[in-house]
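Examination of the molecular architecture
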Amino acid sequence: MVLLIIGAITISLTIAAWPAIEKFGLRFLVTSTWNPVSGRFGALPFVYGTLVSSGIALVLAVPLGLGVAIFLSELAPRWLRVPVGFLVELLAAIPSVVYGLWGIFVLIPWVRTSLTPPLQAALGFLPLFQGPPLGLGMLTAGLILAIMVVPFIVAVSTEVMRAVPQAQREAALSLGATKWETTRTAVIPYARSGIMGAIFLALARALGETMAVTMVIGNVPQIKASVLAPAYTISAVIANEFAEATENLYLAALVLVGLVLFVVTLGVNIVARLLVSRVAGGPALIRE
Amino acid sequence: MIAAGPAYRRRKIINAIMSAATALCTIAVLVPLFVILLFLIRQGAGSINREFFTHLPGAAGEPGGGMANAIAGSLVLIGLAGVIGVPVGVLGGVFLSEYPGSKFGHVVRLMADVMNGMPSIVMGLFAYTVLVLPMRHFSALAGGVALGVMLIPTVMRTTEEIVRLVPQSIREASLALGIPQWKTMVRIVLPTAAGGIVTGIMVGLARIAGETAPLLFTAFGNRFWNWNLLQPIAALPLQVFSYAIAPYDDWHRQAWAGALVLVAMILVINVTARSFAARQVNLP
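Residues numbered from 1 in each chain as written. Chains lettered and ligands numbered in written order. Predicted model: local features only at pLDDT ≥ 70, side-chain atom pairs only at ≥ 80, totals over all residues.

**A short note on the overall build of chain A**
- Regarding its fold elements, chain A presents 11 helices and 2 strands.
- In chain A, the succession of helices and strands from N to C terminus is α-α-β-β-α-α-α-α-α-α-α-α-α. (Helix = DSSP H or I, 4+ residues; strand = E, 2+ residues; numbered from the N terminus.)

This is the structure in structure tokens:
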């Protein structure tokens, strides 16, 4: 049944996207005009926006998430582990539309007035941080995505680290290693591919996340060097324009970007699961 | 006793620094959670009143009105999703646990996990192409299908794990009495695992309750009451989204209130689910 569904998704999306595939072919992915009126579609700004916002999210979330996972599975006192783990899971239970709401009314003003000025004062000479402080944009989207994917990194890496055999730890400890040295030399190398899997899993989440990103990224299909400029992502363009796409070709183009997203996240997810299952013995279920 | 030489001291210090650093990471991750919950309560609680739960949305720009239809619509959609997702999920999970070693089982398990990580908007596209396009209009049914499909992998994997926890001896006892395998499954194994399965279903439902993206162009939203499954229907997350990006202050307040209700609903389901699971563990 599950196989059937995945097959059905692929087939139905391909059929619906066929007019656009036929018309644009691979050029679809490398041109950047998106003009529903003249019927010319190129998805490059969306692909770029999706990749960069997810990239920012991972840069922020991976070190934090690994820190939390190490803390929870190795270093924290035992009584702290369950409640803190529960709180981190809670972060995953908050719906993305609520993150978006919070992003619009709290995070955007904060980025505009408190984060951007010092950032520009310190690093403003880089093209990365130039432009008017709008609050909306790539950086804000990356921040909110980081908050949203951290729980996945934490949950999966904690699980793979717990799957490391106790004997492994005891061996290191009995040689006189401190707790941190045990973690670094005995636990992390053993869990490495599982941790990579956790990162890929988070990447898939970040790539596909829709609502929160749509609400804070500004929704302008452009490619700018600055992370403070508004941008657009694949999922956001589908969310915003799908209901009003009346022409066949327009609709097909939107389904086609969706298909691209589907194929990419499918690939990333499969890699992630295979990596995790190498450590945990069987693919782990993410608890949410 | 090890002599406390400088090298040893240095290692102790590094250990302390790393412990502190990871603890700081944990705090940094938890801060947004508390900030979000704080804002939800501060901004949302003031707008929650009887009108919010009993009235239809007001006209654009006018104060007043509520989200009664959206709350009801969300419940309808969740119910639909359950009707579609739960049977498939439970049966699939039972299959996976009864034939754990088969190659087919491995592929199915991998695919279920992969589906679990699929972007929800893709599920919306899928429901759109199979239901909305042929029917030529948005409908509650399409929204329910999109959510139901998302529910399957969660239910399937928890069912599998729980059914596998049922002791083999119980199964053998039943089989030894000459009870056929399907009857053993239905009358012995499933009732034993029921608590855990219910937990899995509830966690899955809590997860889809907050989904917005798959509903945008399936259930579509509706400003009025609707009980016809073939017509567009309102949903709480959709309403929160459209109010949040609207330019009216009163709608922003209601969006916060809606978000608070939504999060409260999800937390209640989650906590109830956990208590079910706890009871399961306490079984002899």
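**Structural notes on the overall build of chain B**
- Secondary structure assignment for chain B yields 10 helices and 0 strands.
- Taken over C-alpha atoms, the radius of gyration comes to 24 Å for chain B, far larger than the 19 Å a tight globule of 284 residues would show.
- Projected onto the principal axes, the alpha-carbon positions of chain B cover approximately 75 × 70 × 35 Å.
- The 284 residues of chain B split such that 48% are buried.
- Taking contacts inside chain B between residues at least 6 apart in sequence as the whole, the part at least 24 apart equals 73%. (Rg over C-alpha atoms; globule rule 2.2 N^0.38 Å. Buried ≥ 20, exposed ≤ 12 C-beta atoms within 10 Å, placed from the backbone. Contact = placed C-beta atoms within 7 Å.)

**A word on the nonpolar core**
- Counting 184 residues, the largest nonpolar core has Val149, Ile153, Ala202 and Val216 of chain A as the members making the most contacts within it.
- Of the residues forming this core, the biggest block, 18 residues, is contributed by helix H6 (residues 138-162) of chain A.
- Composition of this core by domain shows at least three residues from each of domain 1 (6-47) and domain 2 (50-282) of chain B.
- Apart from residues no more than four positions distant in its own chain, alanine 202 of chain A is found in contact with Leu58, Ala61, Val149, Phe152 and Ile153 of chain A. (Core = buried A, V, L, I, M, F, W, Y, C linked by C-beta atoms within 7 Å. Domains from an automatic or database assignment.)

**So, helix H4 (residues 103-116) of chain B**
- Over its 14 residues, H4 of chain B runs 20 Å from end to end, which matches the ideal 20 Å to within 8%, given 1.5 Å per residue.
- The complete set of buried residues in H4 of chain B reads Val108, Arg109, Met111, Ala112, Asp113, Val114, Met115 and Asn116 of chain B. (Expected span 1.5 Å × (residues − 1).)

**Regarding the confidence of the model for chain B**
All names here are of chain B.
- Taken over all residues, the pLDDT of chain B has a mean of 84, while the share at 70 or more is 94%.
- Within chain B, no element has a lower average pLDDT than helix H2 (residues 50-54), which sits at 78, and none a higher one than helix H1 (residues 6-44), at 90.
- Under the prediction, the complex receives an ipTM of 0.85, its pTM being 0.87. (pLDDT = per-residue confidence, 0-100.)

**Some details on the environment of alanine 28 of chain B**
- With respect to the element layout, alanine 28 of chain B can be found in helix H1.
- For the pair alanine 28 of chain B and tryptophan 251 of chain B, spaced 223 residues apart in sequence, the C-alpha separation works out to 32 Å.

**With respect to the interface of chain B and chain A**
- Contacts between chain B and chain A engage 68 residues on the former and 63 residues on the latter.
- For the side of chain B that touches chain A, the secondary-structure elements that each account for two or more residues are H1, helix H3 (68-98), H4, helix H5 (120-135), helix H6 (140-165), helix H8 (181-209), helix H9 (236-244) and helix H10 (249-282) of chain B.
- The biggest single contributor to the side of chain B that touches chain A is H1 of chain B, with 18 residues.
- Looking at side-chain class alone, the side of chain B that touches chain A contains 47 nonpolar, 13 polar and 8 charged residues. (Nonpolar A, V, L, I, M, F, W, Y, C, P; charged D, E, K, R; others polar.)

**Describing the domain arrangement of chain B**
Residue and element names in this part refer to chain B.
- The domains assigned to chain B are domain 1 (6-47) and domain 2 (50-282).
- On a C-alpha basis, the centres of domain 1 and domain 2 stand 32 Å from each other.
- Grouping the constituent residues of the side of domain 1 that touches domain 2 by class yields 3 nonpolar, 3 polar and no charged.

**Structural notes on the packing of H3 of chain B against H6 of chain B**
Residues and elements named next belong to chain B.
- Where H3 contacts H6, the axes come no closer than 5 Å and their chain directions differ by 35°. Considering only the axes of H3 and H6, their crossing is right-handed.
- In terms of residue class, the contact of H3 with H6 is made up of 20 nonpolar, 9 polar and 3 charged. (Axes fitted to C-alpha atoms, helices over the stretch in contact; angles between N-to-C directions. Left-handed = near helix turned anticlockwise from the far one by under 90°.)

**Description of the packing of helix H3 (residues 44-75) of chain A against H1 of chain B**
- Two elements in contact, H3 of chain A and H1 of chain B, have axes separated by 8 Å at closest approach and are oriented at 120°. You can see that H3 of chain A and H1 of chain B cross each other, and the crossing is left-handed. For the pair H3 of chain A and H1 of chain B, contact is made by Leu64, Gly67, Val68, Ile70, Phe71 and Leu75 of chain A and by Ser19, Ala21, Thr22, Ala23, Cys25, Thr26, Ala28 and Val29 of chain B, respectively.
- Classifying every residue of the contact of H3 of chain A with H1 of chain B by side-chain character gives 10 nonpolar, 4 polar and no charged.

**Considering the environment of valine 130 of chain B**
All names here are of chain B.
- With respect to the helices and strands, the residue valine 130 is situated in helix H5.
- Take valine 130: there are 19 C-beta atoms within 10 Å of it, and that puts it in the partly exposed class.
- Along the chain, valine 130 and glycine 92 lie 38 residues apart, while their C-alpha atoms are 23 Å from each other.

**Considerations on unusual backbone geometry**
Residue and element names in this part refer to chain A.
- The phi angle at asparagine 219 is positive, at roughly 55°, despite the residue not being glycine.
- Along the chain, asparagine 219 falls in the loop between helix H9 (211-216) and helix H10 (234-241).
- On the basis of neighbour counts, which here come to 19 C-beta atoms within 10 Å, the residue asparagine 219 falls in the partly exposed class.

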